Amino acid sequence: MKPLSEPDYQLSMRTSPRARADERNQGLRSLLVHRLRDAAKAVVRLPNRTSIATAHSGRYTVHCETDNIWFGLPDWGEEIECPGECGQIFALEFAVFSAVPAPAAGAAEG
Ligand SMILES: [Zn+2]
């Protein structure tokens, strides 16, 4: 049995850049998508090089599976409307939040 269906594999390859190669994770992708419902997906992600501690919604990008395009995340909400040809409304299905690194001691609060 394949770990990913063909549509999930294709979407994962489009939305996940290869991790920077090192001894531990050579060639691994940073994100694998497992389809929970049989419907087109929009994947929101923050570029790996962007600080997760300070990123605002404007730094996140959205990939529309139907149009195979990326566009900026307008703001955080429960729905996203694709500005591409499909004009599809996507509703939030799943989210993964990552721990924010603690600020360095003595750093000013913002
Ligand atoms: Zn679209």
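For clarity, every value in this text was computed on a predicted model and none was experimentally measured. Counting starts from 1 at the beginning of each chain's written sequence and moves along it residue by residue. Since the coordinates come from a predicted model, pLDDT governs what is reported: local features require at least 70, and pairs of side-chain atoms require 80 or more to be given and counted, while whole-chain, interface and lining totals use all residues. Based on all heavy atoms of the structure, the side-chain values leave hydrogens and waters out of the count.

A. Broad picture of the nonpolar core. Joining through side-chain atoms within 4.5 Å is the link that ties buried Ala, Val, Leu, Ile, Met, Phe, Trp, Tyr and Cys residues into a set, and such a set is a nonpolar core. Exposure is judged per residue with a 1.4 Å probe applied to protein chains only, and the accessible area is read against the type maximum: over 50% gives exposed, under 20% gives buried, and values in between give partly exposed. Ranked by size, the top nonpolar core spans 9 residues in total: L46, Y60, V62, C64, F71, L73, I80, C82 and F90. Residue contacts are defined here by distance: any two heavy atoms, one from each residue, within 4.5 Å place the two residues in contact. Setting aside residues up to four positions removed in sequence, I80 forms contacts with V44, V62, F71, L73, Q88, I89 and F90.

B. Geometry of the side chain of T50. For helices the rule is a DSSP run of H or I covering at least 4 residues; for strands it is a run of E covering at least 2, with both sets numbered from the N terminus onward. Within the element layout of this structure, T50 appears in the loop between β1 (42-45) and β2 (61-64). If sequence neighbours within four positions are ignored, T50 has contacts with A55 and R59.

C. Highlighting the coordination of the zinc ion. Donor atoms are limited to N, O and S found within 2.8 Å of the metal ion, a distance that becomes 3.2 Å for Na, K and Ca. With water left out, some sites might look partial. Taken together, the protein ligands of the zinc ion are C64 (SG), D67 (OD), C82 (SG) and C86 (SG), with distances of 2.1 to 2.3 Å. Donor angles set the geometry label: tetrahedral for four donors if every angle is between 85 and 135 degrees, square planar for four and octahedral for six if opposite donors exceed 155 degrees and the others are between 65 and 115, irregular for anything else. Classification of the site at the zinc ion as tetrahedral follows from its 4 donor atoms and the range of 99 to 123 degrees in their angles at the metal. Overall, D67 belongs to the partly exposed group, its relative accessible area being 21%.

D. Molecular detail of the environment of S51. Its place among the elements puts S51 in the loop between β1 and β2. Classification of S51 by relative accessible area gives partly exposed; the value is 37%. Sequence spacing of S51 and P101 is 50 residues, and the spatial spacing of their C-alpha atoms is 9.5 Å. Of the polar contacts made by the side chain of S51, one reaches the backbone nitrogen of A53; its length is 3.2 Å. The definition of a polar contact used here is a pair of N or O atoms within 3.5 Å, where within protein one atom must be able to donate a hydrogen and the other to accept one, and adjacent residues in sequence count solely through side-chain atom pairs.

E. Representation of the sheet that holds β1. The sheet built from 3 strands is open, its strands ordered β1-β2-β3 with antiparallel pairing. This sheet does not close on itself; its edge strands, each paired only once, are β1 and β3 (69-72). Averaged over all pairs of adjacent strands, the angle between strand axes in this sheet comes to 25 degrees, irrespective of strand direction. Note: β1 against β2, 4 bridges, orientation antiparallel. Of the residues in β2, the one forming a bridge with R45 is T61. Criterion used throughout: strands pair if DSSP finds at least two bridges between them. Lines fitted to C-alpha atoms define the axes here, with helix axes fitted over just the stretch in contact, and angles between the N-to-C directions of these axes take values from 0 to 180 degrees.

F. Region of interest: the layout of surface pockets. Size it by volume and the largest pocket reaches roughly 1,400 Å³. Every residue lining the largest pocket is counted, 40 residues in all, and those nearest its centre are V43, V44, F94, A95 and V96. Counting residues per element, the ones that place at least two in the lining of the largest pocket are β1, β4 (79-81) and β5 (89-91). No other element matches the 4 residues that β1 contributes to the lining of the largest pocket. Classification used: nonpolar for Ala, Val, Leu, Ile, Met, Phe, Trp, Tyr, Cys and Pro, charged for Asp, Glu, Lys and Arg, polar for all others including Gly. Residue classes in the lining of the largest pocket are distributed as 25 nonpolar, 7 polar and 8 charged. The way it works is a 1 Å grid over only the protein atoms, where trapped points that fit a 1.4 Å probe form a cavity and open points with protein on both sides within 12 Å along at least five of seven lines form a pocket, and then any residue with an atom within 4 Å of a point lines it. Grid points are joined across faces, edges and corners, and a volume is the space filled by probe spheres set on the points.

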